[in-house]
Amino acid sequence: MTLFLGPRRSVVSDFRQQVNGDKNTQIHSGRDTIAAIGDGAMSAGESITINNIQGIDPIEHAKVLSQTKRLEDKLNQMKHETDEYRKKLAAMDASKLAEKFHWYVDRKFDGWKLIEVGDAARIAGRLEVAEGVYQQALRKFRSEANRFGEARSINQLGNTAWNRGDLVEATKLFIKSMGISRKIGDRKGEAASLNNLGNIAFGRGDLDEAERLHRESMAIEREVGNRLGVAGSLNNLGNIALSRGDLDEAELLHRESLAIRREIGNRPGEAISLHNLGRIEQARGDLDEAERLHRESLAIRREVGNRLGVAGSLNNLGNIAVERGDLEEAERLHKEALEIAREVGSRPWEAAVLNNLGDVAKARNDDEAASKYNDLAKAIRLEIDLKEDSEE
């Protein structure tokens with residue numbers, strides 16, 4: 001399986017002409033031997049060295065080293081960037097550089113660095129590329145008998161499947177990762193898998209199983225002292241309580257989560273807690289307080305560059321406008337949310353917002369528009385369901 005998709009032309013493929021077309025020719029005057037690439041594939045016996053002083057322009061060699069250094073800088077920026085928009089830009093740049101110099105990345109990066117490259121591709125929405133990189137990392141870790149790395153690679157493959165909307169495959173991978181983590185005593189890895197499995201159970205409507213998994217994850221997070229993980233578990237348990245209609249319990253859990261997130265300076269998490277508290281007030285019928293909380297959440301999400309989060313806040317504000325009877329404002333907010341959902345490629349969110357636009361059209365007695373929006377939403381949900389069914 002090749003690591004990256006798309007055109008494989010690079011500096012190295014340009015050098016192939018200097019080997020006089022002989023498939024058995026090798027040049028070995030430098031340190032780092034790599035396979036020459038031509039026409040998108042490697043032939044047996046083809047190899048050259050990037051530091052070769054005979055037949056390879058040293059200026060091109062310097063360019064390779066400069067660009068791979070830039071790749072590492074972008075990966076580092078992506079890891080530490082708090083602004084979600086700038087993080088995604090850094091991830092996109094890193095992913096493109098890694099694809100361009102894949103022959104270097106394949107050979108010189110260890111498994112952990114490959115996971116960073118895969119994370120960059122996943123954050124940038126290049127899911128097929130991310131999957132290929134994680135698979136390459138998995139092979140490296142297995143060749144080294146590195147069980148921690150193996151579990152992490154499988155977990156990231158699960159996240160990629162989840163991002164694709166393939167919950168069946170994601171579940172299989174999270175269970176496999178969790179099994180390895182338990183065998184080697186990796187409590188943090190176990191907690192992460194339990195959390196992911198809890199989210200999948202919640203998405204399927206199995207609230208009892210979701211609660212069990214999230215409480216088990218939270219117990220481990222408390223044990224290892226991971227306050228960010230504890231806040232996430234409290235948030236998830238609050239959503240379960242809200243789904244059951246237990247608004248007081250939901251508020252208690254979300255406020256505890258919010259307090260931790262504010263203490264540790266987790267701004268994206270703070271926005272999530274405010275968003276969920278807004279949903280609770282909306283369920284209580286206090287539209288003014290709900291709007292205040294959603295607008296506070298929206299401001300933070302814009303600040304940190306969380307585009308999908310912005311879409312969620314706009315969608316909720318649109319629902320509040322519907323409840324107030326302001327259908328023009330509701331339509332404006334939902335259309336803005338829809339545009340963002342499409343830009344970031346979130347099919348589930350796109351379907352949800354289309355349904356809400358259908359409700360707005362129905363409230364206006366525009367049955368034709370309502371039917372159009374609802375049909376589009378159904379088509380997307382069917383597409384997602386078919387992906388799940390094909391794996392069962």
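Here, every reference points to the structure presented above.
Let me begin by describing the structure that accompanies this report. Residue positions are given per chain, counting from 1 as you read along its sequence in written order. Confidence filtering applies because this is a predicted model: local features only for residues at pLDDT of at least 70, side-chain atom pairs given and counted only at 80 or more, and all residues used for totals across whole chains, interfaces and linings. Hydrogens and water are ignored here; the side-chain numbers use all heavy atoms of the structure.

## Let's talk about unusual backbone geometry
So the rule is basically this: Put simply, DSSP marks the helices as runs of H or I at least four residues long and the strands as runs of E at least two long, and each gets a number from the N terminus on.
For alanine 145, which is not glycine, the phi torsion reads 55° and is therefore positive. Counting through the fold element by element, alanine 145 comes out in the loop between helix 6 (127-143) and helix 7 (147-164).

## As for the packing of helix 7 against helix 8 (residues 167-184)
We apply this condition: All axes are obtained by fitting lines to C-alpha atoms, using only the stretch in contact for helices, and the reported angles, taken between N-to-C directions, cover 0 to 180 degrees. Each angle gets one of four labels, with under 35 degrees taken as roughly parallel, over 145 as roughly antiparallel, 65 to 115 as roughly perpendicular, and the rest as oblique. Less than a right angle of anticlockwise turn of the near helix away from the far helix marks a crossing as left-handed, whereas a clockwise turn marks it as right-handed. By the convention used here, residues are in contact when the closest approach between their heavy atoms is within 4.5 Å.
Look at helix 7 against helix 8: their axes get within 8 Å of each other, and the N-to-C directions meet at 160°. As far as their axial angle goes, helix 8 and helix 7 are roughly antiparallel. Once helix 7 is placed against helix 8, the crossing between them reads as left-handed. Residues Arg147, Phe148, Glu150, Ala151, Ile154, Asn155, Leu157, Gly158, Asn159, Ala161, Trp162 and Arg164 of helix 7 lie in contact with helix 8, whose contacting residues are Leu167, Glu169, Ala170, Leu173, Phe174, Lys176, Ser177, Ile180, Ser181, Lys183 and Ile184.

## Observations regarding the packing of helix 10 (residues 207-224) against helix 11 (residues 227-243)
Put simply, helix 10 and helix 11 touch, their axes get as near as 9 Å, and they point 160° apart. The orientation of helix 10 with respect to helix 11, classified from their angle, is roughly antiparallel. Handedness of the helix 10/helix 11 crossing: left-handed. Only Gly229, Val230, Ser233, Leu234, Asn236, Leu237, Ile240 and Ser243 of helix 11 make contact with helix 10, whose side of the interface consists of Leu207, Ala210, Glu211, His214, Arg215, Ser217, Met218, Glu221 and Arg222.

## As for the packing of aromatic side chains
Going by this rule: Centres within 6.5 Å are what make two rings of Phe, Tyr or Trp a pair, Trp counting through its six-membered ring; a difference in plane orientation under 30 degrees is then read as stacked, over 60 as edge-to-face, and the rest as tilted. Each residue's exposure class comes from its accessible area (1.4 Å probe, protein chains only) as a fraction of the maximum for that residue type: buried when under 20%, exposed when over 50%, partly exposed otherwise.
Across all of its chains, the model carries 2 aromatic pairs by this definition. Ring geometry for tryptophan 162 and phenylalanine 174: centres 6.0 Å apart, planes at 80°, overall edge-to-face. One end of the pair, tryptophan 162, is in helix 7; the other, phenylalanine 174, is in helix 8, and 12 residues separate them in sequence. According to the relative accessible area criterion, tryptophan 162 is partly exposed, its value standing at 28%. Overall, the relative accessible area of 0% leaves phenylalanine 174 in the buried class.

## Re the environment of glycine 132
Structurally, glycine 132 can be placed in helix 6. Along the backbone, glycine 132 and leucine 157 are 25 residues apart, and their C-alpha atoms lie at a distance of 9.3 Å.

Geometric descriptors of this kind do not, in isolation, establish any biological role.
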